[in-house]
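Here is what each chain is made of, one letter per residue.
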Number of protein chains: 2
Amino acid sequence: MTDLAALKPLIDIVGPANALTEPADTAPYLREWRDLYQGRTPAVLRPGSTQEVAAILREANRLGLRIVPQGGNTGLVGGQIPDETATEIVLSLARLNKVRTVDAEGYTMTVEAGCVLEKIHEAAEAADRLFPLTLGSQGSCQIGGNLSTNAGGTAVLAYGNSRDLVLGLEVVLPTGEIWNGLRSLRKDNTGYDLKQLFIGAEGTLGVITAAVLKLFPRPRAQEVAFAGLNDPESALALFTRARAKAGPMLTGFELMPRVGIEFCLSHLHGARDPLTAAHPWYVLIELSSGTEGAGLRELMEEILGDAFEAGLVEDAALAESGAQAAAFWHLRHGMSEVQREEGGSIKHDVSVPVASVPAFLKQAIAAVEAMVPGCRPVPFGHMGDGNIHFNVSQPVGADKAAYLARWDEMNELVHGIVHEFNGSVSAEHGIGRLKRHLLTEVKSDIELDMMRRIKTAFDPNGVLNPGRVV
Amino acid sequence: MTDLAALKPLIDIVGPANALTEPADTAPYLREWRDLYQGRTPAVLRPGSTQEVAAILREANRLGLRIVPQGGNTGLVGGQIPDETATEIVLSLARLNKVRTVDAEGYTMTVEAGCVLEKIHEAAEAADRLFPLTLGSQGSCQIGGNLSTNAGGTAVLAYGNSRDLVLGLEVVLPTGEIWNGLRSLRKDNTGYDLKQLFIGAEGTLGVITAAVLKLFPRPRAQEVAFAGLNDPESALALFTRARAKAGPMLTGFELMPRVGIEFCLSHLHGARDPLTAAHPWYVLIELSSGTEGAGLRELMEEILGDAFEAGLVEDAALAESGAQAAAFWHLRHGMSEVQREEGGSIKHDVSVPVASVPAFLKQAIAAVEAMVPGCRPVPFGHMGDGNIHFNVSQPVGADKAAYLARWDEMNELVHGIVHEFNGSVSAEHGIGRLKRHLLTEVKSDIELDMMRRIKTAFDPNGVLNPGRVV
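In this text, all values refer to a predicted model and were calculated from it rather than measured experimentally.

Rules behind the numbers
- Residues numbered from 1 in each chain as written.
- Chains lettered and ligands numbered in written order.
- Predicted model: local features only at pLDDT ≥ 70, side-chain atom pairs only at ≥ 80, totals over all residues.
- Heavy atoms only, no water.
- Least-squares fit on C-alpha atoms with pLDDT ≥ 70 in both.
- Contact = heavy atoms within 4.5 Å.
- Domains from an automatic or database assignment.
- Buried area = accessible area lost by both parts, 1.4 Å probe.
- Salt bridge = Lys/Arg side-chain N within 4 Å of Asp/Glu carboxyl O.
- Polar contact = N/O pair within 3.5 Å; in protein donor to acceptor, adjacent residues only side chain to side chain.
- Helix = DSSP H or I, 4+ residues; strand = E, 2+ residues; numbered from the N terminus.
- Axes fitted to C-alpha atoms, helices over the stretch in contact; angles between N-to-C directions.
- Parallel < 35°, antiparallel > 145°, perpendicular 65-115°, else oblique.
- Left-handed = near helix turned anticlockwise from the far one by under 90°.
- Nonpolar A, V, L, I, M, F, W, Y, C, P; charged D, E, K, R; others polar.
- Buried < 20%, exposed > 50% of the residue type's maximum accessible area, 1.4 Å probe, protein only.
- Pairing = 2+ DSSP bridges.

Trainee: If you had to explain the relation of the copies chain B and chain A to someone new, which residues and values would you point to?
Mentor: Least-squares fitting of chain B to chain A yields an RMSD of 0.0 Å, with the transformation described by 0.0 Å of translation along the axis and a rotation of 180°. Accordingly, the operation relating the two chain copies is best matched by a two-fold axis. Of the interface residues in chain B, 100% have counterparts in chain A that sit at the interface too, so the contact is made through matching surfaces.

Following this line, the structure appears as structure tokens:
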């Protein structure tokens, strides 16, 4: 427990109104939505400028304090929650929430770290542009957190991960220096590309305070289809054909199992089955184009027609309206939350090379069913990126706590299979506190050593996000 | 001058047949094609495996020697040429030249550093895939050098820089450890993205020995147009409209001035003017699609038709065949070499935010014309990336040497204007030895300090590419 008097220099920086110390005020910053972490803190600081962030970090170095930056508190691996010692200070970026500029002609915008993703979408749209990062939590997550965790989402196939959407950054280093790297250049080979270090570092190497983002033309036409298939092999073959035909117009390719659709039909408001019969697997396909009348409908029909002939697709529905397209996506976006209604769910956020997805699924499903007979695997996600949310619901009627007690055991089993396919045990959620112990298993000594060398070079006093990632 | 006997441990690693020490053998490795640098070396080592590269670096650390990695020796900033002291040893990656695997379904390929870019294109095509990196030097440059310098080229608009085309790397660190980061994953958030450090570091942080590259669907349809315009403002407005209409199907947008076309007509074999009258400026527009019959012709006609009506375009020609499209590109690709026939040329490889290109050109052209009356600016390049090769040919009949003696003075003038527009003084060629003195002018102290911290953390003995970049 840190004495409040010791924090006075930090509280003075932001002013008492922006230094929360009462339990009722700090509570929302100390708990994340999956209830995996509940932290304690002597204070939540809410700086109003980059200079205040820098001053806080300088003082923290001087006083030997530790700082945990926090955006919209939607992270899934505990990186943004202080630990239980009540010594880690939360640094909330929420007040740095201005869209500084939108350059429609240059296809860029400059935003502060605390901007909520949805607000960024709206600002881009107002300039007739698209910022493509799309996440379930976009109504509350903040762009600083998105970049610090290199967030993925459903638009990665066409537009890349968060890393690919950034041209420049402003960062406060752990030692309190401000780096102004807010460049708007598409090409710049003048030395090391330092912004790459901070993207995906989960706040361990610096605090991102502002960013220059890439914008894209807004799609003028879109087609969405929902297809029933027999197996993931067919989904892979369909993906390969669709990508070859549609190229960059293929903007979504999501895989779902029948059990996930059944969960949606039981628990998701407004859900209905797009197809008349049941199929073991489903894919949602989205095509987009910047041009109206780009022949997307014909292209989708051609893709599906060929797939029928090749025996890859059993049945398919094409969305006849925006509302129907939204209804298809509603099933996909609802797939995570409905699992809560079916008891305990043991989760894995993994990726394998795209071509290995079917073989991985076969092996992993068999393994968890052997480990917990009656368990219900609900693997779904971004097939086109090789990223599967391999979630496993408890057997019907089983004891939830007893099932969840096998979390680590099942993780180990599934991650072992991921490893055989040269995959990743954290495709898009990051490491944080939840998966830190896994790093020593999946990374070589030299890779861990390089990470530590960088951490030491940037944060010699271990002030920023200690115990996360490295 | 390093004593050859002192090099025996290194020569033993590769064997005498792969350790070149005779001046006649080493000469091709010591001079680059623009004749800006002529180096000396005690030996050129040509290792045949990653393990041999690692052994060389371990010995170099032990013996206090310095190593300069070299790919296809096509770099433009002297980074790959040893200095004049005859102490720096050249490490040629040319023998690591295997395409290890091509995964058509997963859209990836794994290649060794010494693979010539054109060979990679061919291997991708053989699997009905595209590797999009496109450079004038593709017949001799090697992929290891392309990645180490984050090469750009003419396909950046649609596919990004080299950095964006990499999924994984194998790297030998300056201290001789091998990092196997050859992952084929589209999403992987397990710790720092270390590959980013080595891409664009110009061989100062490690030697890239192999890479997993992203592949793309091969375009099935393409349309190329050549348009005459009055000014760069019109070109920018046309680019903005074309991008909004074509989205990711806009794969090329290159700007050229009339004087450049005239140089081509005088000196470039087979060049002819695509348009009947002369225009002050030209753009080459390329549209591509993975689908045949995607309506590209109609799209191009619509883009140009709208631009005519808006008064942006004076005249335009659409390529009626692949040969005609190649003839349009021939003018663009010839623009650099024809400048040699017109006497001295002072060069700048700069970028500014895309929307600032017209204002930058206006100011920079006026400035160099005021500095050297009669000089002939030939600014051309990747308008869609904001990347202009701002080359300035000498006045007709002027003394070449006297003109080139003003290189630094003109660079300073142009770079000053680039700086006003928050641009980059090396958009795609890198820093190497040529531009190292510029870094202190264009980078903040904290940015230089971060670069040095990283260099020290990875190369404590300063073995790899000393005096380049940092």
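Once you've had a look at it, read on.
Trainee: Lay out the domain arrangement of chain A with the relevant residues and their values.
Mentor: In terms of domain boundaries, chain A breaks down into domain 1 (4-92), domain 2 (99-217), domain 3 (221-333) and domain 4 (344-434). On a C-alpha basis, the centres of domain 2 of chain A and domain 3 of chain A stand 30 Å from each other.

Trainee: Pulling in residues and values, what's your account of the interface of chain B and chain A?
Mentor: Listed per partner, the contact involves 84 residues of chain B and 86 residues of chain A. Together chain B and chain A conceal approximately 6800 Å² of surface at their shared face, both sides included; 57% is due to carbon and sulfur atoms. Put simply, chain B and chain A have 10 salt bridges between them. A salt bridge links Glu177(A) to Arg453(B), with the shortest nitrogen-to-oxygen separation between them at 3.6 Å. The interface formed by chain B and chain A includes 36 residue pairs in polar contact (both at pLDDT 80 or more). Counting only elements with at least two residues in the side of chain B that touches chain A, the list comes to β9 (178-181), α7 (195-198), β11 (216-217), α8 (232-246) and α16 (445-458) of chain B.

Trainee: Help me get a handle on the packing of helix α12 (residues 357-371) of chain A against helix α14 (residues 407-420) of chain A, residues and values and all.
Mentor: Residues and elements named next belong to chain A. For the pair α12 and α14, interaxial distance at closest approach is 10 Å and the crossing angle is 155°. In terms of their interaxial angle, α12 and α14 are classed as roughly antiparallel. The way α12 lies across α14 gives a crossing that is right-handed. Contact with α12, carried on its side by Phe-360, Gln-363, Ala-364, Ala-367, Val-368 and Met-371, involves Glu-409, Met-410, Leu-413, Val-414, Ile-417, Val-418 and Glu-420 of α14 and no other residues of that element. Residue composition of the contact of α12 with α14, grouped by class: 10 nonpolar, one polar and two charged.

Trainee: Explain the pairing of strand β4 (residues 88-92) of chain B to me, using residue names and the numbers behind them.
Mentor: Each regular strand shows side chains that alternate between the opposite faces of the sheet. Residues and elements named next belong to chain B. Along β4, five of the five residues are buried, which leaves the element largely enclosed by surrounding structure. Along β4, one buried face is formed by Glu-88, Val-90 and Ser-92 and the opposite face, lined by Ile-89 and Leu-91, is buried too. Two strands pair when backbone bridges link them, and strand β2 (residues 44-45) and β4 are joined in this way by two bridges, in the parallel orientation. Looking at β4, one finds that Val-44 is bridged to Val-90. As judged from the five bridges shared by strand β3 (residues 66-70) and β4, these two strands associate in the parallel manner. Opposite Val-68, over in β4, you have Val-90 as the bridge partner.

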